[in-house]
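# Coordinate analysis (summary)
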Amino acid sequence: MGEKRILLKNVGVIDPGCIDDAIRAGGYEGLKKALKMEPAMVIGELTEAGLRGRGGAGFSTGMKQKFTSESCLKCPQRYVVVNADEGEPGTFKDRVIMEQDPHLYLEGTIIAAYAIQATKGFIYIRGEYHESIRKTEKAIKDARKKGFLGKNIMGSGFDFDVGIKLGAGSYLCGEELTMLESLEGKRGHPRIKPPFPAEKGVFGMPTLVNNVETLANLPRIIAHGKDWYRKLGTERSPGTKIFTISGQVAKPGYYELPMGVTLQELIDLAGGMRDGKAFKAALLGGAAGTFVDATMLSERMTYDNLREKGATLGSGAVIVMAEGDAVLDILHNCLRFFKHESCGKCVPCRVGTTQLVKKADQLRNGQPGKAALLKQMVREAEIMASTSLCPLGQSPVLPLESFARYFKEVK
Ligand SMILES: Cc1cc2nc3c(=O)[nH]c(=O)nc-3n(C[C@H](O)[C@H](O)[C@H](O)COP(=O)(O)O)c2cc1C
Ligand code: SF4
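### As for the environment of P391
Looking at the element boundaries, P391 is found in the loop between helix 15 (370-387) and helix 16 (397-406). Taking the C-alpha atoms as reference points, P391 and E175, 216 residues apart in sequence, are found 8.0 Å from one another.

### What about the site of ligand 2?
Taken together, 14 residues are adjacent to ligand 2, and C343, C346, C349, C390 and G393 come closest. Per-class residue counts for the shell around ligand 2 are eight nonpolar, four polar and two charged.

### Digging into the domain arrangement of the protein chain
Entries for the protein chain in the domain assignment read domain 1 (19-230), domain 2 (240-322) and domain 3 (327-406). For domain 2 and domain 3, the distance between their C-alpha centres works out to 23 Å. Across the contact, 14 residues belong to domain 2 and 11 residues belong to domain 3. Elements that contribute at least two residues to the side of domain 2 that touches domain 3 include exactly strand 7 (279-284) and strand 8 (290-292). Looking at the side of domain 2 that touches domain 3, its residues break down into eight nonpolar, four polar and two charged.

### Comments concerning the nonpolar core
V81, I110, I111, A112, L266, A282 and V318 are the most contacted members of the largest nonpolar core, which has 116 residues in total. If one sorts the elements of this core by residue count, helix 6 (residues 102-116) sits on top with 10 residues. Ignoring any residue separated from it by four or fewer positions in sequence, one finds A112 in contact with Q65, V80, L208, N210, L215 and L218.

### A short note on the site of ligand 1
Taken together, 22 residues surround ligand 1, and among them G53, G55, G174, N211 and T214 come closest. Counting residues per element, the shell around ligand 1 draws most heavily on strand 4 (residues 207-211), which supplies three residues.

### Concerning the sheet that holds strand 6 (residues 253-258)
Across the sheet, which stays open at both edges, the five strands sit in the order 6-5-9-7-8 with mixed pairing between neighbours. Every other strand in the sheet has two partners, leaving strand 6 and strand 8 as the edge strands with one partner each. Taken over all neighbouring pairs, the strand axes of this sheet differ in orientation by 30° on average, direction set aside. Summarising the sheet, strand 5 (residues 240-247) and strand 6 pair through six bridges and their orientation is antiparallel. Paired with F243 across the bridge in strand 6 is Y255. Its contacts with the sheet put helix 13 (residues 327-341) on strand 7, strand 8 and strand 9 (317-322), and the angle it makes with strand 7 is roughly 15°.

### Let's talk about the packing of helix 13 against helix 14 (residues 347-364)
Two elements in contact, helix 13 and helix 14, have axes separated by 8 Å at closest approach and are oriented at 160°. When the interaxial angle is binned, helix 13 and helix 14 end up roughly antiparallel. Between helix 13 and helix 14 lies a crossing whose hand is left-handed. In this structure, helix 13 uses L328, L331, H332, L335, R336, F338 and K339 to contact helix 14, whose residues at the interface are T353, T354, L356, V357, A360, L363 and R364. Its residues assigned to classes, the contact of helix 13 with helix 14 comprises eight nonpolar, three polar and three charged.

### A look at the pairing of strand 7
Extensive coverage of strand 7 is indicated by the burial of five of its six residues. The pairing of strand 7 with strand 9 spans five bridges and is antiparallel. Bridging across to strand 9, A282 finds its partner in V320. Of the pairings in the sheet, the one linking strand 7 to strand 8 comprises three bridges and is antiparallel in character.

### What about helix 9 (residues 212-224)?
The buried fraction of helix 9 is high, at 11 of 13 residues. Here helix 9 has its buried residues at V212, E213, T214, L215, A216, N217, L218, P219, R220, I221 and I222. At the exit of helix 9 stands G225, carrying a positive phi of roughly 95°.

### Overview of the sheet that holds strand 4
Overall, parallel pairing links the four strands, which are arranged 3-2-1-4 in an open sheet. Both edges of this open sheet fall to strand 3 (161-166) and strand 4, since each of them pairs with a single strand only. Strand-to-strand, the axes of this sheet are offset by a mean angle of 20°, without reference to chain direction. Relative to strand 2 (residues 120-125), strand 1 (residues 79-84) is paired through six bridges, and the arrangement is parallel. The residue bridging V82 from the neighbouring strand is I123, located in strand 2. Set on the sheet, helix 9 makes contact with strand 1 and strand 4; between it and strand 4 the angle comes to about 95°.

Reading the values: rules and limits
- Residues numbered from 1 in each chain as written.
- Chains lettered and ligands numbered in written order.
- Predicted model: local features only at pLDDT ≥ 70, side-chain atom pairs only at ≥ 80, totals over all residues.
- Helix = DSSP H or I, 4+ residues; strand = E, 2+ residues; numbered from the N terminus.
- Near = placed C-beta within 6 Å.
- Nonpolar A, V, L, I, M, F, W, Y, C, P; charged D, E, K, R; others polar.
- Domains from an automatic or database assignment.
- Contact = placed C-beta atoms within 7 Å.
- Core = buried A, V, L, I, M, F, W, Y, C linked by C-beta atoms within 7 Å.
- Buried ≥ 20, exposed ≤ 12 C-beta atoms within 10 Å, placed from the backbone.
- Pairing = 2+ DSSP bridges.
- Axes fitted to C-alpha atoms, helices over the stretch in contact; angles between N-to-C directions.
- Parallel < 35°, antiparallel > 145°, perpendicular 65-115°, else oblique.
- Left-handed = near helix turned anticlockwise from the far one by under 90°.

Structural data, given as structure tokens:
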């Protein structure tokens, strides 16, 4: 299977710093069309297109817009927040969009704002992404000059403007409710759900939080229609997905493919296994993802199919390991990552992540009784998942349980 670039079609083709180039390539056509539609029609089109959030959870984008637009009708303000924090290990898909075609996701953000009738927005960008920040700043400035942002956008009577807020290196601030705290200038600690951002988001107002890749789909869907979009991917996961593949493949990088591609097809596209090595394992979806072994190579990578098989699609990160690699080292890294990123607010996660790292150290030191220790770690991670305050404490069980399922022998 070859690449199918609908989001990345301008990469390497246009100058990302030139708005006229973007316009010549069809940029802002989706927005022009959306502004002629009723906001509810835009939401309807996106819902029927079947677009699901690319930030990891795969929730229906249209439904989220509907909830946000219908909640608190008396509230004086609604917001759109773009999640450009991209903190999941192994993931760099949003960076490609921001650096190579910033007008695409900016246009998607304006369409989303129009759909929910928000007049203000924030783009929360990972602070280390200097080039993404620079390109987005320029794109916003140029879009304002062209009348795509600001008052009375393209003569439609709709007003919307957006500002940039920089993250400061916290993985947890990529979690939507923590991000809202950070946007309000507070410490990056999570809020308790519910209320969801759609009801009570930033500054207590209804807020739509979407990932960069999710928003990049909007101009394409509106410009070409839901039927065109649904021809790509599968019935329950339409469209394409940008995968970022790294590790033991010959050509690591980013690849945009229709949803439903198999892991084997993705590896083949990435040049196959490096130096002809044999495949051993992959970590799908980053640290908050799952390990798979060779029995999963021919499974279709969609949200539902992978979930049914006990795996995750998540952000689309794929880290490939070969025979001879120590999968346990990768698990150990994931657990150290969670320990480092735990905000320490609640006991099960603060103590639990530390304990899991200690036990992973013991596993790596080759202590006797490995199988029992691993079983105990899974049990502890399950308890953490059911008692922690936010999704970070619910994450270590994912790599741990899948590791125990496939790699019990622990090498
Ligand atoms: C610990 C943690 C970190 C997250 N980091 C990101 C991130 O960097 N980027 C992102 O888009 N979503 C991230 N998410 C998911 C967001 O909370 C949220 O689901 C997403 O922004 C929703 O957008 P979507 O519907 O377009 O996928 C994270 C979630 C958790 C629990
Ligand atoms: S689960 Fe972890 S990251 Fe989340 S609030 Fe508790 S300590 Fe903080």
